[in-house]
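# Working through the structure, step by step
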Amino acid sequence: MSEIIDQPLIDLPIVEKLTYKDFAPDQDVKWCPGCGDYSILKQVQGLFPELGKKKEEFVFISGIGCSSRFPYYMDTYGMHSIHGRATAIAAGLKASRPELDVWIVTGDGDAMSIGGNHLIHMLRKNFDVNLLMFNNEIYGLTKGQYSPTSKVGLVTKSTPFGSIDQPFNPAELALGAKSTFFARTLDRDPKHMQGVLKKAHAHKGTSFVEIYQNCPVFNDGVFFIYSDKGTKKEESLILEEGKPLVFGENNDKGIKFDGFRPVIVDLNDSNVSVNDLWIHDDKDRIKATILASFANENDGVQLPRPFGVFYSIEKPVYEDTMLQQIEDVTKKKGKPSLDEILSGDKTWVIA
């Protein structure tokens, strides 16, 4: 025993404790004054030291747009790619280097217009990546054209008499594409954003986070109703797992079901109890789909806008299934040559 005690202690490697400064590059951040991107950047830089990983394990991939400058402002690996293709490039990276922690940063125009096809296939394939979509309901970098999420009637440089398009609802699109995780937060609520980002990162699969982000130049204040002190409690609905849907200045309003139709009830009414209210369950796809519809016109009833995790379920991720398939085939048949893969088992010899 004394021999063991007398032996010198083995020097264990010291794990460097990172701070947000370790993720901030030595260059100026160039967004317009008042842009919501600053808030999102600060929350991401503040979150990363808590994730217990080395900087070299993180990768940011973006497309084109104001949001897509993000990789320059994170001192990690990254790629500023081409318009709408960030999800496709991230899929290729994750398939080839599944151990990396891959983050996609995109905007509503980049993701849901030219990149729309890539987005829905990323969601249905379920790569283990984190997708942050900054939604300001406008094109910012190209100077104020309407986007796929712009409201009907919005006057922009490309719709001088008002947009006549029906906008995409990102939550409905995500759920329709078989997304395993969808959440919504906003730039003006940093604490809420931090919580959502942590849950997104913990999810095994494609985590799609829509972030309401203010463009002070071309669509200023479009989401302020959900964050201003005088309106926030009446217009926003904070989703908490296992909790009833309650909102209002004094938490005196709630959401209950009339069949499958959500209705607002007054909790001051003696005939209404908290026990009658809809309980949030982020594993329930039907309820998540109904929550997504709150952003639409609902027979003239103005429902509060939900924020938080709508839906989160576990399913196999693409890269794991792909690698398992390769392993199974290799064990059974050996490693095939490229010629064998390309020719397949249906070939003919022309005499």
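Below is a summary of the structure that appears in this document. Once a new chain begins, its residue numbering starts again from 1 and follows that chain's sequence as written. Residue-level local features of this predicted model are given only where pLDDT is at least 70; pairs of side-chain atoms are given and counted only at 80 or more, and the full residue set underlies all totals for whole chains, interfaces and linings. In computing side-chain values, all of the structure's heavy atoms are included and hydrogens and water are not.

## Notes on the overall build of the protein
When helices and strands are tallied, the protein shows eleven helices and eleven strands. Overall size of the protein, expressed as C-alpha extent along the three principal axes, is 85 × 70 × 45 Å. Sorting the 351 residues of the protein into buried and exposed places 45% on the buried side. Contacts in the protein between residues far apart in sequence, at least 24 positions, make up 65% of those at least 6 positions apart. For the protein, the exposed surface amounts to about 19,200 Å²; the carbon and sulfur share of it is 55%. Positive charge is attributed to Lys and Arg, negative charge to Asp and Glu, and no charge count is given to His or to the chain ends. By convention, charge coordinates are those of NZ in Lys, CZ in Arg, CG in Asp, or CD in Glu. Each charge class in the protein was averaged separately, 40 positive and 48 negative side chains, and the resulting centres sit 3 Å apart. Helix numbers and strand numbers start at the N terminus; a helix is a DSSP run of H or I with at least 4 residues, a strand a run of E with at least 2. Classification of residues uses two cut-offs on accessible area relative to the type maximum, computed with a 1.4 Å probe and protein chains only: under 20% is buried, over 50% is exposed, and between them is partly exposed. Should any heavy atoms of two residues lie within 4.5 Å, those residues are considered in contact. Surface accessibility follows the Shrake-Rupley procedure with a 1.4 Å probe radius. Residue values consider only the protein chains on display as shielding.

## Quick look at empty space enclosed by the protein
Cavity: a set of points on a 1 Å grid over the protein atoms alone where a 1.4 Å probe fits but cannot get out. Pocket: an open set with protein on both sides within 12 Å along at least five of seven lines, its lining residues, like those of a cavity, having an atom within 4 Å of a point. Grid points are joined across faces, edges and corners, and a volume is the space filled by probe spheres set on the points. What the rule picks out here adds up to one cavity of 30 Å³ or more. One number sums up the size of the largest cavity: a volume of about 40 Å³. Contributing elements (two or more residues each) for the lining of the largest cavity: α3 (86-96), β3 (101-107) and α4 (108-114). For the lining of the largest cavity, a count of residues per class yields three nonpolar, four polar and one charged. Under the scheme applied, nonpolar residues are Ala, Val, Leu, Ile, Met, Phe, Trp, Tyr, Cys and Pro; charged residues are Asp, Glu, Lys and Arg; polar residues are all the others, including Gly.

## Observations regarding the pairing of strand β6 (residues 207-212)
With six of six residues buried, β6 lies mostly within the body of the structure. Every second residue of β6 is oriented toward a common face, with Ser 207, Val 209 and Ile 211 on one face and Phe 208, Glu 210 and Tyr 212 on the other, all of them buried. Strand pairing requires that DSSP identify at least two bridges connecting the strands. Pairing of strand β4 (residues 130-135) with β6, which is carried by six bridges, proceeds in the parallel orientation. Each residue of the ladder has a partner; that of Asn 135, found in β6, is Tyr 212. With strands facing away from the observer, any crossover in which the path from the first strand over the helix to the second runs clockwise is taken as right-handed. Following the backbone out of strand β5 (residues 181-186), through helix α7 (residues 190-202) and into the adjacent parallel β6, one traces a crossover that is right-handed.

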